[in-house]
Amino acid sequence: MSRIGFIGTGHIAAPMVRFLAGKGHRLTVSDRNAAVAHALAQGHGVTVAPNQAVLDSSDVIFLCLRPQIAEAVLETLVFRENQQIVTVMAGVSLSRLRTLCAPASKIVATIPLGYLEQGGCPLPACPDAQLLGALFAPGNPVFAVADERALNMHFAVCAMLPGVLDLMATGAQWLAEDTGDAAQSDFYAAQLIGGYLGAMTKEAGALARERDALATKGTISLQMTQSLRAAGTHAALRDTMAAIGNRLGGET
């Protein structure tokens, strides 16, 4: 079992803490988010401490700070050379973190989502997957990506998730306006998409094949896909993901 610390204890950190606590690891979380930290201490037996005490008691450190405050927080902390660092912060480069976390230099970046706690969350890892695999696989699939630019492209695709949820919320709201039942409409939209995706195979090209199997000639499914394309939805998605990728890479 590992001694693991979390700097930043919020929406992204909490599911990872609960998952790792269930594996028997010794966990210390920062007191920056007192309410979340207290709940984790009460429910999962983790220790709550100031940031430097988290570092002093841990061999593996998760950095879960908002990117806007990361530098100001990390500049005040003293790391050890043998510590391993996991960052989940978009837009803070590995090279910058190696400076901020020196003399610690073993740093890996990934993109966790809340459902990691239940398993099945894909975790791209840069530059390698060894540490994350030991902590989160096989319940969550871990895979290495080629470089930091590739990781940023995965961050951009991850940002597509709230966009998809936004479309689903619009569909559910439209249904509720007719049925008068908002809860059932939300459930139907979520279960419809979640159930279909859960039953799909995940090999290359599966998304397009499933789309084409539904959107055949003369169907309302084809009407939907054609209308979204005609409205420029796909072009806007690609442009936005490219802009996000460039932003994370420091391009303007």
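In short, a report on the structure. (Residues numbered from 1 in each chain as written. Predicted model: local features only at pLDDT ≥ 70, side-chain atom pairs only at ≥ 80, totals over all residues. Heavy atoms only, no water.)

With that settled, the discussion passes to the sheet that holds strand 4 (residues 60-63). Overall, parallel pairing links the six strands, which are arranged 3-2-1-4-5-6 in an open sheet. Where the open sheet ends on each side, the last strands, each with one partner, are strand 3 (47-49) and strand 6 (106-109). Averaged over all adjacent pairs, the angle separating strand axes in this sheet is 20°, with direction ignored. In this structure, strand 1 (residues 3-7) lies alongside strand 2 (residues 26-30), joined through four bridges in parallel fashion. (Pairing = 2+ DSSP bridges. Helix = DSSP H or I, 4+ residues; strand = E, 2+ residues; numbered from the N terminus. Axes fitted to C-alpha atoms, helices over the stretch in contact; angles between N-to-C directions.)

Take Gln83: it is sitting in the loop between helix 4 (67-74) and strand 5 (84-87). Looking at Gln83, the relative accessible area reads 1%, which means it is buried. At 2.9 Å, the side chain of Gln83 forms a polar contact with the backbone oxygen of Ser58. In this structure Gln83 touches Leu55, Ser58, Asp59, Ile61, Ala104 and Lys106, once residues within four positions along its chain are discounted. (Buried < 20%, exposed > 50% of the residue type's maximum accessible area, 1.4 Å probe, protein only. Polar contact = N/O pair within 3.5 Å; in protein donor to acceptor, adjacent residues only side chain to side chain. Contact = heavy atoms within 4.5 Å.)

Looking now at helix 12 (residues 233-248). Here helix 12 spans 23 Å end to end across 16 residues, near enough to the 22 Å set by a 1.5 Å rise per residue. Listed as buried for helix 12 are Met241, Gly245 and Leu248. Seen from one end, helix 12 has its buried residues packed into an arc of 70°, which puts them on one side. Every exposed residue of helix 12 that faces more than 90 degrees away from the buried side is listed here: Asp239 and Arg247. At its buried positions, helix 12 is contacted by helix 7 (148-158) and helix 8 (160-179). Of the residues trailing helix 12, Gly250 is marked for its positive phi of about 85°. (Expected span 1.5 Å × (residues − 1). Arc of directions from axis to C-beta.)

Turning next to the packing of helix 1 (residues 13-22) against helix 2 (residues 34-44). Where helix 1 meets helix 2, the axes come as close as 11 Å, and the angle between the chain directions of the two elements is 15°. Taken together, the axes of helix 1 and helix 2 lie roughly parallel to each other. Classified by chirality, the crossing of helix 2 by helix 1 is right-handed. Judged by residue contacts, Ala14, Val17, Arg18 and Ala21 of helix 1 engage Val36, Leu40 and His44 from helix 2. Here the contact of helix 1 with helix 2 is composed, by residue class, of five nonpolar, one polar and one charged. (Parallel < 35°, antiparallel > 145°, perpendicular 65-115°, else oblique. Left-handed = near helix turned anticlockwise from the far one by under 90°. Nonpolar A, V, L, I, M, F, W, Y, C, P; charged D, E, K, R; others polar.)

Now for the layout of surface pockets. Empty pockets left among the atoms are what a rolling probe the size of a water molecule brings to light. Within this model, the second largest pocket holds a volume of roughly 800 Å³. Around the second largest pocket, the lining is made up of 30 residues, and of these Ile12, Leu65, Arg66, Pro67 and Val88 lie nearest the centre. Looking at the lining of the second largest pocket, the elements that each hand over two or more residues are helix 4, helix 7, helix 8 and helix 12. Residue composition of the lining of the second largest pocket, by class: 20 nonpolar, seven polar and three charged. (1 Å grid on protein atoms, 1.4 Å probe; cavity = no way out; pocket = protein on both sides within 12 Å on 5 of 7 lines; lining within 4 Å. Points joined across faces, edges and corners; volume = space filled by probe spheres on them.)

On to the packing of aromatic side chains, then. Per the counting criterion, the structure on display carries three aromatic pairs. Note on Phe6 and Phe62: the rings are 4.6 Å apart at their centroids and 10° apart in plane angle, and the pair reads as stacked. Of this pair, Phe6 sits in strand 1 while Phe62 sits in strand 4, and the two are 56 residues apart along the sequence. Given the relative accessible area of 0%, Phe62 is considered buried. Ring centres of Phe62 and Phe136 lie 6.1 Å apart, and the angle between their planes is 85°; on these two criteria the pair is classed as edge-to-face. Taken together, the residues span a long stretch of sequence, with Phe62 in strand 4 and Phe136 in helix 6 (residues 130-136) at a distance of 74 residues. For the pair shown, Phe62 and Phe136 are each scored as buried. (Phe/Tyr/Trp six-rings, centres within 6.5 Å; stacked < 30°, edge-to-face > 60°.)

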